Structures are given as structure tokens and as C-alpha cells.
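An overview of the molecular structure
The lines below spell out each chain.
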Amino acid sequence: MKAALAVLTLCIALLRPSAGLGMDAAQLGELLDAAIGDAERTCAVITMLDREIASRPDDESLLTLRIAAYGLLADPYSARPDVEALAALHPDSPPFQMQKCLYAEATGAQQEENRLCYLRVARLCRQSDKADEHSQEYLLALLLADSPEAEEAKRRFLAGLTDSPMDQALKEVLADFTREKFVKKVSPETIRHPCPRQR
């Protein structure tokens, strides 16, 4: 029943005139949740997001939803402009800048460009007092920048972990950490989804 209502809402939203009232991020988020596993419905939600973002280009919730929608389609190339828009809105934020670095690397940025991007994230972490032994972002930035400080930061981070399931999962990831496992490069030729290329 819930899925049927989501399909009906999706159809109504697609047919409504563009001059009508916009949908809010919560409604679009629900539609996106209902579209998981269905590429055509995900594309329909992206079409609605495109329309909403055209009138509200700096709406962070909408940009985040469209990034998530392209994530469901395994398409970092289409998501990257939104990732960069969020990073521009938050130039001093380690999480937003880290996301920008990860998408740049996944979509083919050069090695030195990537290294400098991650070093900038590490510097932002230090400037915002987020460079202690508990900071995952700081450690990840150092590891991905191939920084000489990375191993010591990793040792301190691991020493601070507990026996909780989340911390144990982190230990496993870090014990076997490689750039290739963490950042999957995606070739544009491998992207297969039915969304029209409007952007």
C-alpha cells in the first residue's frame, strides 16, 4: 500500500505544472526512498529535484538529495556539480571539502590534485580543532594525502577505539586500508541508467 501511494504521489508530482507550489525536501526524500532499486523511478525523482533546484539553487537539502539519487544510480559524474556546489557553500567545512575530494578522485582527478585536496581537508581539520585522535576526517585526509603524519595519526586513532561494534568495524577498515578499496574510480563508460542527460 505504501509503495502504491508513493507511485501515485510520484505520478501526480510529475504531472503538476511547473508554476505550481514546490515540493519540500522531506516529500522528495520519501519519494527517493520509495524509488530505491528502481532506476526509472529514481530518474523521475531526479527530474523533480532538477525542477526544484532550478528555483532554489542553494537549497542544501535538495542538493544533498540529488547527490543521493545519483548515488543510487552509481553515477558520481552527475552528482559532482552538486557536491562542488555544497563545498562552495561551506568552504571551511572539513566534511563538505572531503566529499568534494572523494568525488573528484572517483571521477578521475589527477593524483597530485587529489593529494593537495586531502591536505587542504587536513589543514581545515587543524584550523577547526578537529584534528585530534578521535577525528575520522582528519585521519582519512592524512591517509588519502599519503602524508608522513598518517601512520602516527592512525596509531593514535586506533588506540582510542573501544570494543563497540562500530569501533571494531573501524579497526577492520583501518587494518586493511588501501586507497583502492576506499575510493572506487568510476569510468563514465560504465554508467548505465535511463535518465536523460539534461545537465
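Worth saying up front: this structure is predicted, and the values here are computed from it rather than measured.

Quick notes on the rules
Residues numbered from 1 in each chain as written. Predicted model: local features only at pLDDT ≥ 70, side-chain atom pairs only at ≥ 80, totals over all residues. Heavy atoms only, no water. Disulfide = S-S within 2.5 Å. Helix = DSSP H or I, 4+ residues; strand = E, 2+ residues; numbered from the N terminus. Buried < 20%, exposed > 50% of the residue type's maximum accessible area, 1.4 Å probe, protein only. Contact = heavy atoms within 4.5 Å. Polar contact = N/O pair within 3.5 Å; in protein donor to acceptor, adjacent residues only side chain to side chain. Phe/Tyr/Trp six-rings, centres within 6.5 Å; stacked < 30°, edge-to-face > 60°. Expected span 1.5 Å × (residues − 1).

1. Describing the state of the cysteines
A disulfide bridge is the covalent bond that connects two cysteines by way of their sulfur atoms. For the coordinates displayed, the defined rule picks out two disulfides. Each sulfur of the disulfide joining cysteine 43 and cysteine 195 lies 1.9 Å from the other. What sets the handedness of the cysteine 43 and cysteine 195 disulfide is the S-S torsion sign, and at about -95° it is left-handed. Here cysteine 43 is found in helix H3 (residues 39-55), whereas its partner cysteine 195 is found in the segment after helix H11 (179-182), with 152 residues between them in sequence. The two residues cysteine 43 and cysteine 195 agree in class, both being buried. What pairs with cysteine 101 in a disulfide is cysteine 117, and their sulfur atoms sit 2.0 Å apart.

2. Quick word on the environment of glycine 160
In this structure, glycine 160 sits in the loop between helix H9 (150-159) and helix H10 (165-175). Separated by 27 residues in the primary sequence, glycine 160 and glutamate 133 place their C-alpha atoms 7.0 Å from one another.

3. Observations concerning helix H8 (residues 136-144)
An α-helical turn contains 3.6 residues, so any two residues separated by three or four positions project in the same direction. Most of H8 is tucked away: seven of the nine residues are buried. The set of residues buried in H8 consists of Tyr138, Leu139, Leu140, Ala141, Leu142, Leu143 and Leu144. In this structure, the buried side of H8 is in contact with helix H6 (94-106), helix H7 (111-127), H9, H10 and H11. Regarding H8, its N-cap is serine 135, as a side-chain oxygen of that residue lies 3.0 Å from the backbone nitrogen of tyrosine 138 further along. Directly beyond the C-terminal end of H8, a positive phi value near 55° is found at aspartate 146.

4. Looking at the environment of leucine 170
Within the element layout of this structure, leucine 170 appears in helix H10. Each C-alpha atom of the pair leucine 170 and glutamine 136 lies 9.4 Å from the other, and the pair is 34 residues apart in sequence. Residue contacts for leucine 170: discarding those within four places in its chain leaves Gln136, Phe157 and Leu161.

5. Side note on the packing of aromatic side chains
Counted by the stated rule, this structure contains one aromatic pair. With 5.8 Å between their ring centres and 40° between their planes, phenylalanine 177 and phenylalanine 182 make a pair best called tilted.

6. Observations regarding H6
With 13 residues, H6 extends 18 Å between its outermost C-alpha atoms, agreeing within 8% with the 18 Å of an ideal straight helix rising 1.5 Å per residue. Three or more residues of H6 are buried, namely Pro94, Gln97, Met98, Cys101, Tyr103, Ala104, Glu105 and Ala106. Against helix H4 (60-72), helix H5 (76-89), H7, H8 and H11 lie the buried residues of H6. Positive backbone phi, at 105°, marks glycine 108, one or two positions downstream of H6.

Spatial relationships are all this shows, so hold off on functional conclusions.
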